[in-house]
Amino acid sequence: MTAVIGREAVRVDGREKVTGSARYSGEIALPGLAYAEIVGALVARGRITSIDTRAAENAGGVAAVLTRRDLPAVNRVPLVPSLMGGPAPGETFFPMQDDEVHYAGQPVAIVVADSLEQARYAASLVEVSYAGAPSVTTIGQGRGDAYEPEKIFGGFMPARSRRGDARDGLASADLGVDATFRFAPNHHNALEPMTTTAVWEDDRLTLYDSCQGIKAVQLTVAALLGMSPSRIRVLTRYVGGAFGSKAMVWPHVTLAALAARHVRRPVRLTVSRAQMFTSYGHREEQEQRVRLGARRDGALTAIRHDKISVTSPFDDWAEPAFCAASQLYAAPAFEGVHRLVRGNTMTPTFTRGPGEAAGVFSLECAMDELAGRLGIDPVELRMRNLSDVDPNTGHPWSSSGFAECLRRGAERFGWDARDPRPGREREGDQLIGTGMAAAAYPVAFFMRTQRARARLYADGTAVVGTAAQEFGTGMTTVLTQVAADALGLGLDDVRLDYGDTDLPTAGSPVGSNGAMMVSAAVHYAAAAVRDRLVALAAGDPASPLHGADPAWITVDGGRMALADDPGAGESYGELMERHLMGDTEALGTWDPPPLDTPYGLLTFGAQFARVAVDADLGTVRVRHMVGAFAPGRVLNPRTARSQLMGGMLWGMSQALLEGTHMDAGLGRWANASLGDYLVPVNADAPEVDVELIEVDDDVTGPLGVKGVGEIGQVGSGAAIANAVHHATGHRVHELPITVEDLLPALEWEAGR
Amino acid sequence: MAIHVGSPPLEGTSKARTVALTVNGEGVELRIEPRVSLLDALREHLGLTGTKKGCDQGTCGACTVWSDGRRVLSCLTLAVAGEGHEITTVEGLQDGGELHPMQAAFIAHDAFQCGYCTPGQLMSAVALLEEGRAADDEIAEWMSGNICRCAAYPNIRDAIREVRDAAGGE
Ligand code: FES
Ligand code: FES
């Protein structure tokens, strides 16, 4: 059998993407299309005292200017993560329902016009007056009023977690580390701006939306507007990146639908790049304090991990900082607490590696410090604290591979040659350093039933349909591979249909779960078709396979044959023609294991980085990164490596470049553009080596897939920060690490 | 405190006029306002949506096209300023049904994920070879006007190197 799974297949949508024929959500041609532009609040807190829309209404081409008076009352829908498979608004607040302003950029009016230019111009004419009030937007402003919520993450996780007695563990340690880390807020800034095109036909609504989960969009808009989901169809073929920003459903989507209903025309609403900073949440500003206790031999006695962060006026949202961070090591005691500051910002949201990217960063920088204090090699220190079981529950891992990741990563990087003493290696003006960190990301079974349908035609080609989505992860390519594999067909003979809510239900591919959950349903659908035809052949006196044990029949290239006698067999087509079957189809479903499955569920990895710090300028360049990961079974090494590489570079970016700065006086983001919010460009990106370590996993579905979307980002920033310390002898506790952080230390060093 | 804030009005309305463009070798006439950017003319008026809008502010490179073979940001170029120039977009890269070698190399090296930056990257990558900026230590710098948020950068460099080497030079 020619293995299709595990093959380095090129992307099934590659051709469309390189020729420019791929149509993203804002590129669907529609007759009578009108363009909508949001007018956002200019104050962070206060009340609208008046809106003068006359000038805007009189501007050329304007079809309507909507304010809260033109909008119906919208239902209140609880914030539940989209992975759960239900309605998933990004925040419980819906704008344009009253005169209150809760955050800068909050939509206060919408202009609809015949052309983009007319809409944008008219939006600039809307005159809004406010009675402003003082706002709180940073930890610094709200620390005194910080509180411990009962639950975080959409009411989904407890704010506090513990095992053993951390106080005792810290007290009885030979040695401790106590470190506090500060993280700037981050905005995902997917390259495609959020775009929704809404079309009504009578009471039926079609949405073309730049989103991460079409089902979530359908159910959320239905819940907000009190409509039946059966009246709403969402079509999304291509999405220009998401990284968590499009996992939840944000107000502009429903606003586009309401605007289209108001003007009785198709309406396209595109969020401008500046508005991208106030339209879909963000990774919240946060501070984390980690205290480690250890014995002289390196064994951890306790971990205490505290986080404080800013949330919105409406929701208790915090990225959970210590899922993986509490599970990585066998410390007998752990305690972690999330505290929140209510601020005048949007509700924060999932950002690639949600929670873990910052939580593991803090833990792994503290571990590096501990290794230095103990005089133990950082890789060795991790090895000494490995756990055979999930330390939180005592359950065995469904699969691990952690030690192998540490070993193989170190080998590929050449870690053994390292001089552990900081500040020893120099190339001219460049201080060279190396660092490492562990990586981990949870596998969560929160989703509902997943479905897919497979149809095989008598000519030996198949169409497989599922309401799954592609936003660059390569999911449609691996799903095509999974279907071809189960059907025993070549890749070119299978076409995947996706991105349409009328197809069998699949959940939002978020939390690195896309490939795992949907591939299982696709596998079962395709296998059901194959099994039916194999059974038919075995029972058909006219078939060369008559009487054979179906378990001994294999299919390759659409031909069924005996495993031990490949000469005996026939094609699907021959069998189907005899039985007058034009096609045959089957539904495949997969239900995730229960939430209390008695296994530890974590994907593991290890990250290594080499940096050069300019001794005079304090600039940091990353020269090389190596990541070794154990994501279960790898369906397609090519797309998996790309995802992991992208994640590792996101980690680099989090460590060295990215930060949204709040102007605390105004309560507005101060650098809301791609010129001022730094993301990596080509010259920032070093060569990246990805090592894939396959581990067998019987728990995470029929194919043993664990996921690659986020773990690349976890730990890579810490490896870089640790490398900066190794290069300079100086530890920066604030992300992003900037020249300003490093220069004083370097100057002091030079002056010595 | 009372605040009265109005955003500064943009330039006023303007009358549509006829703009004659040559796009991918074909002459086209458009009735558009002078304030329409080349990017919006391509996407909204000519249906050529291969050219992408990532920022509309000249910061991301997604809208890169060629004007007389030179790379320009179409979001910062008025359509009227395109008159008298040969405009080439990603839709003009193919030769008949054949992919341009750079397009094929991008697929082979997995030089994209979401694909939204890809048309701009391709227009820059092909121009780079023409400009003679494709030495190993030049590619990263001269491709840095095109942001790839998916961070496919190392693979983009691999693709460019392959096409450069196949063409037999730096
Ligand atoms: S859209 Fe022109 S540079 Fe971003
Ligand atoms: S492929 Fe997504 S931005 Fe480059």
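All figures in this text were calculated on a predicted structure; none of them were measured in a lab. (Residues numbered from 1 in each chain as written. Chains lettered and ligands numbered in written order. Predicted model: local features only at pLDDT ≥ 70, side-chain atom pairs only at ≥ 80, totals over all residues. Heavy atoms only, no water.)

### Section: the UniProt feature "domain: Aldehyde oxidase/xanthine dehydrogenase a/b hammerhead" (unreviewed entry) in chain A
At step 1: According to UniProt, the feature "domain: Aldehyde oxidase/xanthine dehydrogenase a/b hammerhead" (unreviewed entry) maps to residues 19-134 of chain A in the numbering used here.
At step 2: For residues 19-134 of chain A, the helix share is 14%, the strand share is 29%, and the end-to-end C-alpha distance is 51 Å. (UniProt positions renumbered as here; feature names shortened; annotations may be inferred. Helix = DSSP H or I, 4+ residues; strand = E, 2+ residues; numbered from the N terminus.)

### As for the pattern of salt bridges
At step 1: Applying the stated rule across the entire model yields 55 salt bridges over all chains.
At step 2: Notably, a salt bridge pairs Glu8 of chain A with Arg641 of chain A, separated by 3.0 Å at the nearest N-O pair. With Glu8 of chain A in the segment before helix 1 (14-19) and Arg641 of chain A in helix 15 (residues 637-656), the pair connects residues that are 633 residues apart, well separated along the chain.
At step 3: Residue Glu8 of chain A is classed as partly exposed on the basis of its relative accessible area of 35%.
At step 4: Arg641 of chain A gets classed as partly exposed once you look at its relative accessible area, which sits at 31%.
At step 5: As a salt-bridge pair, Lys53 of chain B and Asp40 of chain B come within 2.9 Å of each other at their nearest N and O atoms. With Lys53 of chain B in the loop between helix 1 (38-45) and strand 4 (64-67) and Asp40 of chain B in helix 1, this residue pair connects regions lying 13 residues apart in the sequence.
At step 6: Judged by relative accessible area, Lys53 of chain B falls into the buried class, the value being 13%.
At step 7: Each of Glu404, Arg407, Arg408, Arg412, Asp689 and Glu691 of chain A takes part in a single network of salt bridges with overlapping partners. (Salt bridge = Lys/Arg side-chain N within 4 Å of Asp/Glu carboxyl O. Buried < 20%, exposed > 50% of the residue type's maximum accessible area, 1.4 Å probe, protein only.)

### Notes on helix 6 (residues 214-225) of chain A
Residue and element names in this part refer to chain A.
At step 1: Here helix 6 is twelve residues long and its end C-alpha atoms lie 17 Å apart, about the 16 Å a rise of 1.5 Å per residue gives.
At step 2: Burial within helix 6 is extensive, with eleven of its twelve residues counted as buried.
At step 3: Looking at the buried side of helix 6, the elements it contacts are strand 12 (204-209), strand 13 (232-235) and helix 7 (251-263).
At step 4: Gly226 sits one or two residues past helix 6 and shows a positive phi near 65 degrees. (Expected span 1.5 Å × (residues − 1). Contact = heavy atoms within 4.5 Å.)

### Concerning the sheet that holds strand 26 (residues 583-590) of chain A
Residue and element names in this part refer to chain A.
At step 1: Sheet architecture is open: four strands sit in the order 22-21-20-26, paired in mixed fashion. Of all the strands in the sheet, the pair left with one neighbour each is strand 22 (494-497) and strand 26. For this sheet the average axis-to-axis angle between neighbouring strands, irrespective of direction, equals 20 degrees.
At step 2: For strand 20 (residues 450-457) and strand 26, the ladder comprises eight bridges, and the chain directions are antiparallel. Opposite Gln450, over in strand 26, you have Trp590 as the bridge partner.
At step 3: Its contacts with the sheet place helix 12 (residues 475-487) against strand 21 (462-465) and strand 22, and it is angled at close to 135 degrees to strand 22.
At step 4: Packed on one face of the sheet, helix 13 (residues 514-538) meets strand 20, strand 21 and strand 26 and runs near 140 degrees to strand 26. (Pairing = 2+ DSSP bridges. Axes fitted to C-alpha atoms, helices over the stretch in contact; angles between N-to-C directions.)

### Quick look at the interface of chain A and chain B
At step 1: With 72 residues of chain A at the contact, the number on the chain B side is 65 residues.
At step 2: A combined buried area of about 5400 Å² lies between chain A and chain B, and 54% of that area is made up of carbon and sulfur atoms.
At step 3: A per-residue breakdown of the area chain A buries against chain B is headed by Val18, Leu191 and Asn682 of chain A, which together make up 15% of the total.
At step 4: One can count eight salt bridges joining chain A with chain B.
At step 5: Here Arg157 of chain B and Glu687 of chain A are joined by a salt bridge, their closest N and O atoms 2.8 Å apart.
At step 6: The interface formed by chain A and chain B contains 28 residue pairs in polar contact (both at pLDDT 80 or more).
At step 7: If one sorts the elements of the side of chain A that touches chain B by residue count, helix 15 of chain A sits on top with nine residues.
At step 8: Residues that form the side of chain A that touches chain B fall into these classes: 34 nonpolar, 24 polar and 14 charged. (Buried area = accessible area lost by both parts, 1.4 Å probe. Polar contact = N/O pair within 3.5 Å; in protein donor to acceptor, adjacent residues only side chain to side chain. Nonpolar A, V, L, I, M, F, W, Y, C, P; charged D, E, K, R; others polar.)

### A few points about helix 7 of chain A
Residue and element names in this part refer to chain A.
At step 1: The end-to-end C-alpha distance of helix 7 is 18 Å, a good match for the 18 Å that 13 residues give at a rise of 1.5 Å each.
At step 2: Burial analysis of helix 7 places eleven of its 13 residues in the buried class, which makes it a mostly covered element.
At step 3: Listing the buried residues of helix 7 in full gives Pro251, His252, Val253, Thr254, Leu255, Ala256, Ala257, Leu258, Ala259, Ala260 and Val263.
At step 4: One or two steps after helix 7, the chain reaches Arg264, where phi turns positive at roughly 55 degrees.

### Remarks on the packing of helix 12 of chain A against helix 13 of chain A
Residues and elements named next belong to chain A.
At step 1: Running from N to C, helix 12 and helix 13 point in directions that differ by 30 degrees, and their axes come no closer than 8 Å. By the angle between their axes, helix 12 is roughly parallel relative to helix 13. Considering only the axes of helix 12 and helix 13, their crossing is right-handed. Contact residues: Met475, Val478, Leu479, Val482, Ala483, Ala486 and Leu487 in helix 12; Gly514, Ala515, Val518, Ser519, Val522, His523, Ala526, Ala527, Val529 and Arg530 in helix 13.
At step 2: In terms of residue class, the contact of helix 12 with helix 13 is built from 13 nonpolar, three polar and one charged. (Parallel < 35°, antiparallel > 145°, perpendicular 65-115°, else oblique. Left-handed = near helix turned anticlockwise from the far one by under 90°.)

### Let's talk about the packing of aromatic side chains
At step 1: Summed over the entire model, instances satisfying the criterion amount to 19 aromatic pairs over all chains.
At step 2: Seen in terms of ring centroids, Phe93 of chain A and Tyr103 of chain A are 6.1 Å apart; in terms of plane orientation they differ by 80 degrees. Their pairing is edge-to-face. Here Tyr103 of chain A lies in the loop between strand 4 (100-101) and strand 5 (107-113) and Phe93 of chain A lies in the loop between strand 3 (62-66) and strand 4, a separation of ten residues in the sequence.
At step 3: Considering the side-chain rings of Phe93 of chain A and Phe314 of chain A, the 4.8 Å spacing of their centres and the 10 degrees angle between planes classify their relative orientation as stacked. In this pair, Phe93 of chain A is assigned in the loop between strand 3 and strand 4 and Phe314 of chain A in the loop between strand 16 (300-311) and helix 8 (324-327), connecting sequence segments 221 residues apart. Considered together, Phe93 of chain A and Phe314 of chain A belong to a single accessibility category, that of buried residues.
At step 4: Ring pairs connect the aromatic residues Tyr329, Trp397, Phe402 and Phe604 of chain A, which therefore count as one cluster.
At step 5: A cation over an aromatic ring shows up here: Arg237 of chain A above the ring of Tyr498 of chain A, its NZ or CZ 4.1 Å from the ring centre.
At step 6: Between Arg133 of chain B and the ring centre of Trp142 of chain B, over which it is positioned, the NZ or CZ distance is 3.9 Å. (Phe/Tyr/Trp six-rings, centres within 6.5 Å; stacked < 30°, edge-to-face > 60°. Lys NZ or Arg CZ within 6 Å of the ring centre and 35° of its normal.)

### Notes on the nonpolar core
At step 1: Formed by 261 residues in total, the largest nonpolar core has its most connected members in Leu207, Leu292, Leu370, Met560 and Ile720 of chain A together with Phe106 of chain B.
At step 2: Top contributing element to this core by residue count: helix 13 of chain A, with 15 residues.
At step 3: Ignoring any residue separated from it by four or fewer positions in sequence, one finds Leu207 of chain A in contact with Thr196, Thr197, Ala198, Val217, Val221, Ile232, Arg233, Val234, Leu235, Val253 and Ala257 of chain A. (Core = buried A, V, L, I, M, F, W, Y, C linked by side-chain atoms within 4.5 Å.)

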